[in-house]
Amino acid sequence: MAQNAFQPLQGMSDLTDPELGVWRRIEGKAREVFARYGFDEIRAPILERADLFERSLGETTDVVTKEMYSFTDRGDRRVTLRPEGTAGVVRYVAGRGPEAQDARLYYIGPMFRAEKPQAGRKRQFHQIGVEAIGPPDPYADAECIALQMRLLAEWGLSDCALQVNTRGLPEDQRAVSQVLRERLGPRQAQLCEDCTRRLDMNIYRVLDCKQERCREIVAELPPLTEFMCEPSRAHFAQVRAALEQIGLPVNVTPKLVRGFDYYVHTVWEITHGALGAQDALSGGGRYTLRFGQKQIEGVGFAIGVERVVAALQTKAAQAESCAQAPELWLVSLGKEAIRQNFALLEQVRANGLRCGMLFGGRGMKAQMRAANKSGATRVVIRGPDEIEKDLFILKDMQGGGQRTLSRQQLENELDVN
Ligand code: HAM
């Protein structure tokens, strides 16, 4: 049997303990916070009709054109492994009576996208998401963002960056598309291959492009809100005011549009510095979707669980290495400095501080490099001058400043004697 017969498919993982313990804690906390905000759980099917996603996400979006796992189900019905959770929840709500018109639902489960596997991009990944159904209300958008920030903070990720923008109403999107066509059309030759196609198919997607040269061209465009109607701008202003009121002031990211066609009004993304290139922890926004006679409106978000776990693990590793890092590093220039620093090293350690020093008679550069690598927050530097006067240069490795201290001052500073 081939070796890879024992491996899951590329981009998919077997999840086992002890890592699953972290997942259970994340999920448990999410359920607790969702209950606080009045959300109930939904477990929708993983397999849905293909046209549910084609219609909801948009025929020309990357997910629909390139990434869906679709196949024909026995007869001739095309089905798809869900690439996201919003469409299924909206389908459920549309099929219910008036009791579902203000549904507040959350979901936890696997999603599937046939993406090129790379760090942070899986083909089977997991989302924790919510959908709050109801007519457009800036408070509902702000509540959803607040819920997401609360959840991230309770998981230990309060150091996230929130980017918010508005796509306005569908009418605005037509006006904005027109402006984009006028501005980007003449620059077609400078755009990437995908974007030249996007110009005709779905010009909004150009704003999302990750290619450097497309990003530069997009950066030159004016903010999209300039071309939106007054009610759209007012909705967005109220969302920002509501967030400010609860201590969540936002920096607007004027070209953020997100990758699905169902979005209207507020859209947002949350990134975390501990993640590499795939730094989006989560994304969300307000949407409107038509199902037969019903127009379903709502607001929601989804957080990638793998990325939450990765961010927590990186943070824990950083905290651990900080906890182990020396509090002081000694750098010596000349034999006498080495001799005296060797005694100081022992004295500092005897007083309970983590202290390091590079042996081997290496030069200043090598010693400073070692200090840097160790993560030490402060460095004592001594050369012939300092030895002669019994002085100590104390360098702050975080702030960058340095001071010259007497022995007594150094001992006071380090709280050793
Ligand atoms: P999305 O931005 O496509 O939005 O996905 C949300 C999150 O899922 C991303 O920020 C990321 O953390 C995670 N994610 C997406 N693709 C992958 C992947 N290939 N591998 C690992 N993690 C991934 C949605 O899915 C919308 N349904 C969110 C929403 C809900 N909007 C309104 N309601």
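Above this text is the structure in question.
Residues numbered from 1 in each chain as written. Predicted model: local features only at pLDDT ≥ 70, side-chain atom pairs only at ≥ 80, totals over all residues. Heavy atoms only, no water.

Honestly, the pattern of salt bridges in this entry has me stumped. Any pointers?
Think of it this way: side chains of opposite charge can pair up when their charged atoms draw near. Counted under the stated rule, the structure contains 29 salt bridges. Between Asp194 and Arg197 there is a salt bridge, with its nearest N and O atoms 2.9 Å apart. Residue Asp194 and its partner Arg197 are located together in helix H7 (residues 193-201), separated by three residues, close to a single helical turn. Relative accessible area serves as the criterion here: at 44%, Arg197 is assigned to the partly exposed category. A single salt-bridge network, built from bridges that share partners, covers Asp62, Lys66, Asp194, Arg197 and Arg198. (Salt bridge = Lys/Arg side-chain N within 4 Å of Asp/Glu carboxyl O. Helix = DSSP H or I, 4+ residues; strand = E, 2+ residues; numbered from the N terminus. Buried < 20%, exposed > 50% of the residue type's maximum accessible area, 1.4 Å probe, protein only.)

Honestly, the site of the ligand in this entry has me stumped. Any pointers?
If you check the shell around the ligand, you find 27 residues, and the closest are Glu84, Arg113, Glu115, Lys122 and Tyr263. Here a nitrogen atom of the ligand sits 2.6 Å away from a polar atom, N or O, in the side chain of Glu84. Residue Gln127 places a side-chain N or O atom 3.0 Å away from an oxygen atom belonging to the ligand. Within the complex, 95% of the 670 Å² of free accessible area of the ligand lies under protein. If one sorts the elements of the shell around the ligand by residue count, strand E10 (residues 280-291) sits on top with seven residues. (Near = heavy atom within 4 Å. Polar contact = N/O pair within 3.5 Å; in protein donor to acceptor, adjacent residues only side chain to side chain. Areas by Shrake-Rupley, 256 points an atom, 1.4 Å probe, with all protein chains shown as cover.)

Looking at this model, I keep getting lost on the packing of aromatic side chains. Mind explaining?
Any pair of aromatic rings gets described here by the distance separating the centres and the angle formed by the planes. Inspection of the entire model under this criterion finds seven aromatic pairs. Between Phe34 and Tyr106, the aromatic rings sit 4.7 Å apart at their centres with planes inclined by 35°, giving tilted as the arrangement. Highlighted residues: Phe34 in helix H1 (residues 19-36) and Tyr106 in strand E5 (residues 104-112), separated in sequence by 72 residues. As far as burial versus exposure is concerned, Phe34 and Tyr106 are alike and both buried. (Phe/Tyr/Trp six-rings, centres within 6.5 Å; stacked < 30°, edge-to-face > 60°.)

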